[in-house]
Amino acid sequence: MRKVLIILAALATLMVLPLISGCGRQQSGGTSGGDSPVTLRDNVNRTVVIKKFPERIVSLAPSNTEIVFALGLEGKLVGVTTYCNFPPEAEKKPKIGGFADPSLEKILAQQPDLVLASDQQGEIVSALENHGIPVLVIAPETVEDIIKNVQLVGRATGATRAAGRLAADLEKRIDAVTSKTCSLPESKKPKVFYELWYEPLMTAGPGTFIDDLITLAGGINIASDARKKYPEYSLEAVLAKNPDVLINSYGHGEGTPTREQVKARKGWQNLNCIKNDRIYTVHADLVNRPGPRIVAGLEAFARAIHPELFR
């Protein structure tokens, strides 16, 4: 049960609302360069004034760290959490504590002129504000929000052109998937079971990135009618809905079950996904972190759900 609590704590920052459908998706568009100071509105409706573009940035979430690196700002990154492990160079940066327990003392020691936080870190955000340090809270609710946040960080750091290029590339990759899946009839959409954990069996329900990614990738999430975002799921429910595809993702320090181990589970032999050998593993960091790699997660889901369309 302790393992489950650790997973749920990590996922608490990632609970989201459903995405806009891939068909007719609104483009966020690029932005041009600008001069400081700039006044921004972050994801929790706070007004943040950036008096000068930062030279010392601290990130309090792995997804924020990935955005900073993707914008080519790693030279200005002076502090990250112990969970910031991508790209590998991030692990060499000074550590300011964990995601849930960042150290105010360690953050202040880095003398940051911008901190990128999440909406789960209200206490540390208030403390940093009291020290006069600008804090941008990044808390996307959709994949579209992730792209907008890339541009938000770009505006806060003076990297608007880089952010515009990155956003355009991410949108192009999303459209490359949805252009093939958004017009599929329901009869051509496989039923998908996403396995977050096995003992107890847990999955991703409505209002999660995973549910949205399954939909965008042209599948039907069998847990889309669940009452919780990350519910425990009974074997009886899985057997009743009989998924065509099983996708699991592990990245929490535990071993990933092999395909043979999944096939050998008691009572699973009659599932379509088992009989047809449709078992796939996607690394958790690609689908649980609201950063640029969410699109790689979408592409991986698309290849698993529709290999005939994405070879």
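Note: the structure precedes this text.
Residues numbered from 1 in each chain as written. Predicted model: local features only at pLDDT ≥ 70, side-chain atom pairs only at ≥ 80, totals over all residues. Heavy atoms only, no water.

A word on the nonpolar core
Threshold: Each nonpolar core is a collection of buried residues, namely Ala, Val, Leu, Ile, Met, Phe, Trp, Tyr and Cys, held together in the definition by side-chain atoms within 4.5 Å. For every residue, the accessible area obtained with a 1.4 Å probe (protein chains only) is divided by the maximum for its type, and the residue is called buried under 20%, exposed over 50%, and partly exposed between those limits. Starting at the N terminus, helices and strands are each numbered in turn, a helix being any DSSP run of H or I of at least four residues and a strand any DSSP run of E of at least two. What makes two residues a contact is simply this: any of their non-hydrogen atoms within 4.5 Å.
Within the largest apolar cluster, 62 residues are counted, with the highest numbers of intra-cluster contacts made by Leu 71, Leu 136, Tyr 194, Ile 210, Ile 247, Val 287 and Phe 301. Tallying contributions element by element places helix 12 (residues 294-305) first for this core, with eight residues. For Leu 136, the contacting residues outside a window of four places in its chain are Leu 40, Asp 42, Arg 46, Val 48, Leu 114, Val 115, Leu 116, Ala 117, Leu 152 and Ala 156.

Let's talk about unusual backbone geometry
Note that the residue after Phe 86, namely Pro 87, is joined by a cis bond; omega there is -10°. Along the polypeptide, Pro 87 turns up in the loop between strand 4 (77-79) and helix 3 (104-109). The linkage connecting Glu 199 with the following residue, Pro 200, adopts the cis geometry, with an omega of 0°. Along the chain, Pro 200 falls in the loop between strand 7 (191-195) and helix 7 (209-216). The phi dihedral of Asn 242 falls on the positive side, at around 45°, and the residue is not glycine. Its place among the elements puts Asn 242 in the loop between helix 8 (235-241) and strand 9 (245-248). Its identity as a non-glycine residue notwithstanding, Asp 277 has a phi of 55°, on the positive side. Along the polypeptide, Asp 277 turns up in the loop between helix 10 (272-275) and strand 10 (279-281).

Remarks on the pairing of strand 5 (residues 114-117)
Note the threshold: Two strands qualify as a pair provided DSSP detects at least 2 bridges between them.
Residue alternation in strand 5 divides its side chains into two sets, Leu 114 and Leu 116 and Val 115 and Ala 117, and both sets are buried. One ladder, built from three bridges, connects strand 3 (residues 57-59) with strand 5; its direction is parallel. Bridge pairing links Val 58 to Val 115 in strand 5.

Digging into the sheet that holds strand 9
Working definition: the strands of a sheet are paired by backbone hydrogen bonds and lie parallel or antiparallel to each other. Operational definition: A fitted line through C-alpha atoms serves as each axis, taken over the contacting stretch for helices, and the angle formed by two N-to-C directions is quoted from 0 to 180°.
Judged by pairing direction, the sheet is parallel, and its four strands sit side by side in the order 8-7-9-10 without closing on themselves. Across the chains shown, the open sheet's two edge strands, defined by having one partner strand only, are strand 8 (220-221) and strand 10. Summarising the sheet, strand 7 and strand 9 pair through four bridges and their orientation is parallel. By the bridge assignment for strand 9, Tyr 194 is matched with Ile 247. Across the sheet, helix 12 lies against strand 7, strand 9 and strand 10, angled at about 150° from strand 9, the strand it touches most.

Observations regarding the packing of helix 5 (residues 143-157) against helix 6 (residues 160-181)
Just so we agree on the cut-off: Each angle is binned into one of four classes, with values under 35 degrees roughly parallel, values over 145 roughly antiparallel, values of 65 to 115 roughly perpendicular, and all other values oblique. Less than a right angle of anticlockwise turn of the near helix away from the far helix marks a crossing as left-handed, whereas a clockwise turn marks it as right-handed. Put simply, Ala, Val, Leu, Ile, Met, Phe, Trp, Tyr, Cys and Pro go in the nonpolar bin, Asp, Glu, Lys and Arg in the charged bin, and everything else, Gly too, in the polar bin.
Running from N to C, helix 5 and helix 6 cross one another at 165°; their axes reach a closest spacing of 7 Å. Taken together, helix 5 and helix 6 sit at an angle that is classed as roughly antiparallel. The two elements helix 5 and helix 6 meet at a crossing, and its hand is right-handed. Seen from helix 5, the contacting residues are Val 143, Ile 147, Val 150, Gln 151, Gly 154 and Arg 155; seen from helix 6, they are Thr 160, Ala 163, Gly 164, Leu 166, Ala 167, Leu 170, Glu 171 and Ile 174. Residue classes in the contact of helix 5 with helix 6 are distributed as eight nonpolar, four polar and two charged.

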